[in-house]
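Here is what each chain is made of, one letter per residue.
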Amino acid sequence: MSQPQTPADSPENPTPESPEEALAAAAVAEADALAALTNEVTELKTKNADLADQFLRAKAEAENARRRAEDEISKARKFAVESFAESLLPVTDSLEAGLGIQEATREQLREGSEATLKQLKSALERHKVLEIAPAAGTKFDPHQHQAISMVPAEQDANTVVAVLQKGYLIADRVLRPALVTVAAPR
């Protein structure tokens, strides 16, 4: 007959029978724990190396993207000026051709000047350079106009009486305000 097993004697919880067996079991458990920790350290070192490599690649990629962006900005500026200058070349050609005519009449000079001015205005408009030339009676706008003087006039106060010099916008930004005289309060 077998004796009933107590929880301490069950196969799940064997009790070492001697101090040597207890030391051996502790050594095995310690060796297993050490092996597990060694594996974990190895895995963490591998993961650390992988993350360091990913970091370096990401850093290099960010640096390359920054350099490409700087190059693109530089090229955009260069080619923007190139495009604008290219659109002004026909104007230069017209002026040189007009100056090359030795015995031009007044009418020919005027006609050539008007055609050249039309070319220049067209080139400016293609690059979004637009005139600011307010009509008489337009309300004075300090963002687009610069008042040179206030004059008595038969129109409402703070309205444009005359434009002394046109202003210009470039892409909705004032390049030069229009110089105007403004109606004084009565």
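This part covers helix α2 (residues 106-126). A rise of 1.5 Å per residue sets the reference length of α2, with its 21 residues, at 30 Å; its end C-alpha atoms lie 30 Å apart and thus fit the reference within 8%. If you check which residues of α2 are buried, you get T116, A123 and L124. Considered in projection along α2, the buried side chains sweep an arc of 95 degrees and stay on one side of the axis. Along α2, exposed side chains directed more than 90 degrees from the buried face belong to E107, R110, E111, K118, E125 and R126.

Attention now goes to the pairing of strand β6 (residues 178-183). Extensive coverage of β6 is indicated by the burial of 6 of its 6 residues. Here 6 bridges tie strand β2 (residues 145-151) to β6, and the two strands are oriented parallel to one another. By the bridge assignment, M150 is partnered in β6 with V182. As paired strands, strand β3 (residues 160-165) and β6 are joined by 4 bridges and run antiparallel to one another. Across the sheet, residue V163 finds its bridge partner in β6, namely V180.

With that settled, the discussion passes to the sheet that holds strand β5 (residues 173-176). By definition, the strands of a sheet pair up through backbone hydrogen bonds, in either a parallel or an antiparallel sense. Strands sit in the order β1-β4-β5 across an open sheet of 3 strands; the sheet is antiparallel. Both outer strands of the open sheet, β1 (129-132) and β5, are each paired with one neighbouring strand and no more. The mean inter-strand angle of the sheet, taken between neighbouring strand axes irrespective of direction, is 35 degrees. As paired strands, strand β4 (residues 167-170) and β5 are joined by 3 bridges and run antiparallel to one another. Bridged to I170 within β5 is R173.

Quick look at the confidence of the model for the protein now. Note that predicted coordinates carrying low pLDDT should not be read in detail. Mean pLDDT for the protein: 89, with 91% of residues reaching 70 or above. Every residue in residues 6-10 scores below 50 in pLDDT, and together they form 6 contacts with partners more than four places removed in sequence or on other chains.

Across the sheet, 3 strands lie side by side as β2-β6-β3; this open sheet has mixed pairing. The open sheet is flanked by β2 and β3, the only strands paired with a single partner. Adjacent strand axes in the sheet meet at a mean angle of 30 degrees when their direction is disregarded.

In this section: helix α1 (residues 19-100). When the terminal C-alpha atoms of α1 are compared, their 119 Å separation across 82 residues agrees well with the 122 Å that a helix rising 1.5 Å per residue should span. The sharpest bend along α1 comes to roughly 30 degrees, located at L88, with the proline P90 sitting one to four residues further on.

The next thing to look at is the nonpolar core. If you look at the biggest cluster of nonpolar residues, it comprises 6 residues: I132, V160, L169, A178, V180 and V182. A total of 3 residues in this core trace back to one element, the largest contributor, which is β6. Filtering out sequence-adjacent residues up to four positions away, A178 remains in contact with I132, P134, Q144, H145, Q146, Q165, K166 and G167.

Another aspect to go through is the environment of T92. Looking at the element boundaries, T92 is found in helix α1. The exposure class assigned to T92 is partly exposed, which follows from its relative accessible area of 34%.

Conventions and cut-offs
Residues numbered from 1 in each chain as written. Predicted model: local features only at pLDDT ≥ 70, side-chain atom pairs only at ≥ 80, totals over all residues. Heavy atoms only, no water. Helix = DSSP H or I, 4+ residues; strand = E, 2+ residues; numbered from the N terminus. Expected span 1.5 Å × (residues − 1). Buried < 20%, exposed > 50% of the residue type's maximum accessible area, 1.4 Å probe, protein only. Arc of directions from axis to C-beta. Pairing = 2+ DSSP bridges. Axes fitted to C-alpha atoms, helices over the stretch in contact; angles between N-to-C directions. pLDDT = per-residue confidence, 0-100. Contact = heavy atoms within 4.5 Å. Bend = angle between axes of the 7 residues up to and from the residue. Core = buried A, V, L, I, M, F, W, Y, C linked by side-chain atoms within 4.5 Å.

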